[in-house]
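Chain residues, written in single-letter form:
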Amino acid sequence: MGNYLNAELYKILHRRTYTLGMLGFLLGGEALLLILLRTAGFSNATTFNDVLGVLPMTLSMGLYLVPAVVDIVFSDQYKQNTLKNEVSYGLFRGRIYLGKLLAACMTAVALCTLVLVFYVALATVMFPVREPALAAEQFSQLGASLAAALPVWLGGLGLIHMLIFLSKGSTSATVIYIVILSGGNILDLMQMFLPRLAPVLSTVKYWLVATPMDGVLRGVGDLSYAWMVGMLWLVVSTLIGLISFCKREIN
């Protein structure tokens, strides 16, 4: 597993156009956000504390970015038949599946770290820190929000990783993934028209991968709930993906 994981990470590091392009897009988006917040008349954000308070509200974006992270690891494997070559070479399919999943998780954590560090560093330069005590409290709250958001991101990552393996492509997998993420809103709408099914629909929504993020964004995220739901999606998705991949013929 170690050698295969190293090979996957090596490919990611040398797929510079894709990897660096995504990183540049994320950092550029952050810089644009801070510039807009700094622009007079655009908002009331005038201090470092103001822009730091904005950061937890962006954590839900991580769920919508994990398909791109998985695609960095899995880019064009079906089109170029490299996955078939790996299987034909005699590599254990579990090693292939788990190796790519671990590489995607490590890439996601690395990108998240770089994005957060860049945001805080640039905000420090652009905005005055007038309330250090408040900033310390905000960092503590941010840490709690990240601790609750991380398992949700990993659950989403495990889901899209499974879908790409099952659907033989990233486009259809991403569409299905977005539909699943939107499941909470769909269930809320259904409850309006089917009030008798509200208890069942609420229970289903409770276990959807994106639901714990609602509490995270409001600053009242339940850490144990987030980890329970996120890890459940990660483990179940991985088991389904592994079983399916091990049984399926690769063309």
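In this text the structure is predicted, and so the values were computed from the model without any measurement.

Cut-offs and rules
- Residues numbered from 1 in each chain as written.
- Predicted model: local features only at pLDDT ≥ 70, side-chain atom pairs only at ≥ 80, totals over all residues.
- Heavy atoms only, no water.
- Helix = DSSP H or I, 4+ residues; strand = E, 2+ residues; numbered from the N terminus.
- Buried < 20%, exposed > 50% of the residue type's maximum accessible area, 1.4 Å probe, protein only.
- Contact = heavy atoms within 4.5 Å.
- Areas by Shrake-Rupley, 256 points an atom, 1.4 Å probe, with all protein chains shown as cover.
- Salt bridge = Lys/Arg side-chain N within 4 Å of Asp/Glu carboxyl O.
- Axes fitted to C-alpha atoms, helices over the stretch in contact; angles between N-to-C directions.
- Parallel < 35°, antiparallel > 145°, perpendicular 65-115°, else oblique.
- Left-handed = near helix turned anticlockwise from the far one by under 90°.
- Nonpolar A, V, L, I, M, F, W, Y, C, P; charged D, E, K, R; others polar.
- Phe/Tyr/Trp six-rings, centres within 6.5 Å; stacked < 30°, edge-to-face > 60°.
- Lys NZ or Arg CZ within 6 Å of the ring centre and 35° of its normal.
- Lys, Arg positive; Asp, Glu negative; His and termini not counted.

Turning next to the overall build of the chain. The number of helices and strands found in the chain is 12 helices and 0 strands. Going residue by residue from the N terminus, the α and β elements of the chain occur as α-α-α-α-α-α-α-α-α-α-α-α. Buried residues in the chain amount to 43% of all 251 residues. Once local pairs closer than 6 in sequence are excluded, the contacts in the chain between residues at least 24 apart make up 80%. Accessible area of the chain: about 13200 Å², with a carbon and sulfur share of 69%.

What follows deals with the pattern of salt bridges. Throughout the structure, instances matching the rule amount to 1 salt bridge. Linking Lys205 and Asp188 is a salt bridge whose minimum nitrogen-to-oxygen distance equals 2.9 Å. Pair noted here: Lys205 is in helix H10 (residues 198–206) and Asp188 is in helix H9 (residues 183–193), with a separation of 17 residues, a long-range link. Residue classification places Lys205 among the buried residues on the basis of a relative accessible area of 18%.

A word on the packing of helix H2 (residues 16–38) against helix H4 (residues 61–74). Between H2 and H4, the shortest axis-to-axis distance is 10 Å and the interhelical angle comes to 160°. When the axes of H2 and H4 are compared, the pair comes out roughly antiparallel. In this structure, the crossing between H2 and H4 has a hand that is left-handed. Here Tyr18, Thr19, Met22 and Leu26 of H2 come into contact with H4, specifically with Leu65, Ala68, Val69, Asp71 and Ile72. Its residues placed into classes, the contact of H2 with H4 shows 7 nonpolar, 1 polar and 1 charged.

This next bit is on the packing of aromatic side chains. Aromatic ring pairs are described here by two measures, namely the spacing of the ring centres and the angle between the planes. Summed over the entire model, instances satisfying the criterion amount to 6 aromatic pairs. Seen from their ring centres, Phe48 and Phe139 are 6.2 Å apart, and the 40° between their planes marks the pair as tilted. Pair noted here: Phe48 is in helix H3 (residues 48–54) and Phe139 is in helix H7 (residues 132–167), with a separation of 91 residues, a long-range link. The rings of Tyr97, Phe165 and Phe245 are connected pair by pair, giving a single aromatic cluster. In this structure, Arg38 packs its charged tip against the face of Phe127, placed 5.7 Å from the ring centre. Over the ring of Phe245 we find Arg93, and its NZ or CZ is 5.4 Å from the ring centre.

On to the side chain of Glu30, then. Following the sequence through the fold, Glu30 ends up in helix H2. Although buried, Glu30 forms no salt bridge, and the nearest oppositely charged side chain, Arg38, lies 16 Å from it.

Where H2 contacts helix H6 (residues 93–126), the axes come no closer than 10 Å and their chain directions differ by 30°. Relative to H6, the element H2 is oriented roughly parallel. As for the relative orientation of H2 and H6, their crossing is right-handed in sense. Facing Met22, Leu23, Leu26, Leu27, Glu30, Ala31, Leu33, Leu34, Ile35, Leu37 and Arg38 of H2, the residues of H6 in contact are Leu111, Leu114, Val115, Phe118, Tyr119, Leu122, Ala123 and Met126. Its residues placed into classes, the contact of H2 with H6 shows 17 nonpolar, no polar and 2 charged.

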